[in-house]
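Inside the fold
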Amino acid sequence: MQHDGLVELTPTQTQFLFTIAQPYIQTGSWPTWDYVQQIHDRRGEDADELLAGLPYVGAPWPGGARYGFTTRAGRLTPDETIGLTIAAGVPLPEFDAVVGEPFLRVLHHMIGLQSSLRPEPGKVSQARLDSQELAASVPGLRPGFVANLPSLLDTEPATRSIGSAGAGASGDTWWRGITRSVLGFRAAKDLKTYVSLTCDLVHKWDQEQRVVILGSVPSLQAAARTPEPEPAAPEPTQYISQRLIDELEEAGAKSPWKVDKLLDLIRELNNNHAAEQPYSCLALIRAIMDHVPSVFGQKAFAGIVSSVSMTRTDTKHLEALGRYRFPGDDVMHRQASNTASHIDMSDVPPASYIKVLLREVLKALQNGATS
């Protein structure tokens, strides 16, 4: 895997990952290595070679910091199971919809829990993720996803339980400690950014381990060298891309539908998202969802999901977006009380959900849809 995590896979490598992903998507269980080998034997392919040829970042030696698309590497016995990391959601949109995007929502919930800790002198504070609290705080998570979440968290460098972080289970519930490493993922609003940040973290750990294992003593020349200035931080990525906004504006100019209000809502959403203002973001997303159904000849957002022809993955994205009406209702209709609000940026849906809706609006405008 390239250091930025955005490596391009061959079609054969992508198909290999899908062989592993499909049983998990369908049943919630990872396949045995025997199953993967037999599937690729029928195609005249060597599963061992495909696994060995997958890119990764970090060190290949045992105990080294390493991250790739699969949870296992090297030679596996037929009865061993093999799974995928969250990074596999980049080349596999099916896996992203079922695992990647819910994982990002959980990650930002964990960031919120860690950020809300109040340090006390003489005490070690420990944030804790609890399955029951998670299900109540992050609506829309499938029970099967929550049940399997501990094993998914353990495959990701930023969320695995290490040392005093701890973990436990009781009946159908579980809990685990949260480590400070999640705070480095505040900017991970989409899957590619998350994978890139994970690769950065693993690369850093790998370099630190190399120093411990191999030793490194800086030369006098290196110690005396004036450090290079830090490069400027890149501009944050817009929640809704300027390219999509421009395409909507161009299509609207050729359509009987007026898109000025929609474009203003999107621009305001981008501004409020960049400023990390969750109440405004959720209200604006709700406004967009209520504004566009008439373009499809529908009276409500649910009509778009049930009536507009689109891929299964896009339908799942819109179904997930529909569940964010509840946080929007909370923002706009919950009256003042003596209970503190817990709405934060982790309650704002991933941009990919909104983009699917806006891409469907774009197609409707381009096709001259009328009410």
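Structure: see above.
Below or above, wherever it landed, is the structure these notes cover. (Residues numbered from 1 in each chain as written. Predicted model: local features only at pLDDT ≥ 70, side-chain atom pairs only at ≥ 80, totals over all residues. Heavy atoms only, no water.)

1. Observations regarding the environment of glycine 252
With respect to the secondary-structure elements, glycine 252 resides in helix α9 (residues 242–253). Residue classification places glycine 252 among the buried residues on the basis of a relative accessible area of 10%. Separated by 113 residues in sequence, glycine 252 and leucine 365 place their C-alpha atoms 6.4 Å apart. Excluding residues that lie within four positions of it along the chain, glycine 252 makes contacts with Trp257, Val259 and Leu365. (Helix = DSSP H or I, 4+ residues; strand = E, 2+ residues; numbered from the N terminus. Buried < 20%, exposed > 50% of the residue type's maximum accessible area, 1.4 Å probe, protein only. Contact = heavy atoms within 4.5 Å.)

2. Section: the side chain of aspartate 96
Within the secondary structure, aspartate 96 sits in helix α4 (residues 93–115). Notably, aspartate 96 is buried but unbridged: the nearest opposite-charge side chain belongs to arginine 359, and the N-O separation is 9.5 Å. Contact partners of aspartate 96, with chain neighbours within four places excluded, come to Gly89, Glu101, Pro102 and Leu191. (Lys, Arg positive; Asp, Glu negative; His and termini not counted. Salt bridge = Lys/Arg side-chain N within 4 Å of Asp/Glu carboxyl O.)

3. Some words on the packing of α4 against helix α6 (residues 143–154)
At a minimum axis separation of 11 Å, α4 and α6 run at an interaxial angle of 80°. If you check the angle between α4 and α6, you find them roughly perpendicular. On the side of α4, the interface is formed by Val98, Val99, Pro102, Phe103, Val106 and Met110, while α6 contributes Phe145, Leu149, Leu152 and Leu153. Residues belonging to the contact of α4 with α6 are distributed by class as follows: 10 nonpolar, no polar and no charged. (Axes fitted to C-alpha atoms, helices over the stretch in contact; angles between N-to-C directions. Parallel < 35°, antiparallel > 145°, perpendicular 65-115°, else oblique. Nonpolar A, V, L, I, M, F, W, Y, C, P; charged D, E, K, R; others polar.)

4. Section: helix α1 (residues 11–27)
Its 17 residues give α1 an end-to-end C-alpha distance of 24 Å, which sits within 8% of 24 Å, the value for a rise of 1.5 Å per residue. Bending of α1 peaks at approximately 35° at the position of alanine 21, with proline proline 23 no more than four residues after it. When α1 is considered as a whole, its buried residues turn out to be Gln13, Phe16, Leu17, Thr19, Ile20, Ala21, Pro23 and Tyr24. The elements touched by buried residues of α1 are α2 (33–41), α3 (47–52), α4 and α6. Glycine 28, located one to two residues past α1, shows a positive phi value of around 85°. (Expected span 1.5 Å × (residues − 1). Bend = angle between axes of the 7 residues up to and from the residue.)

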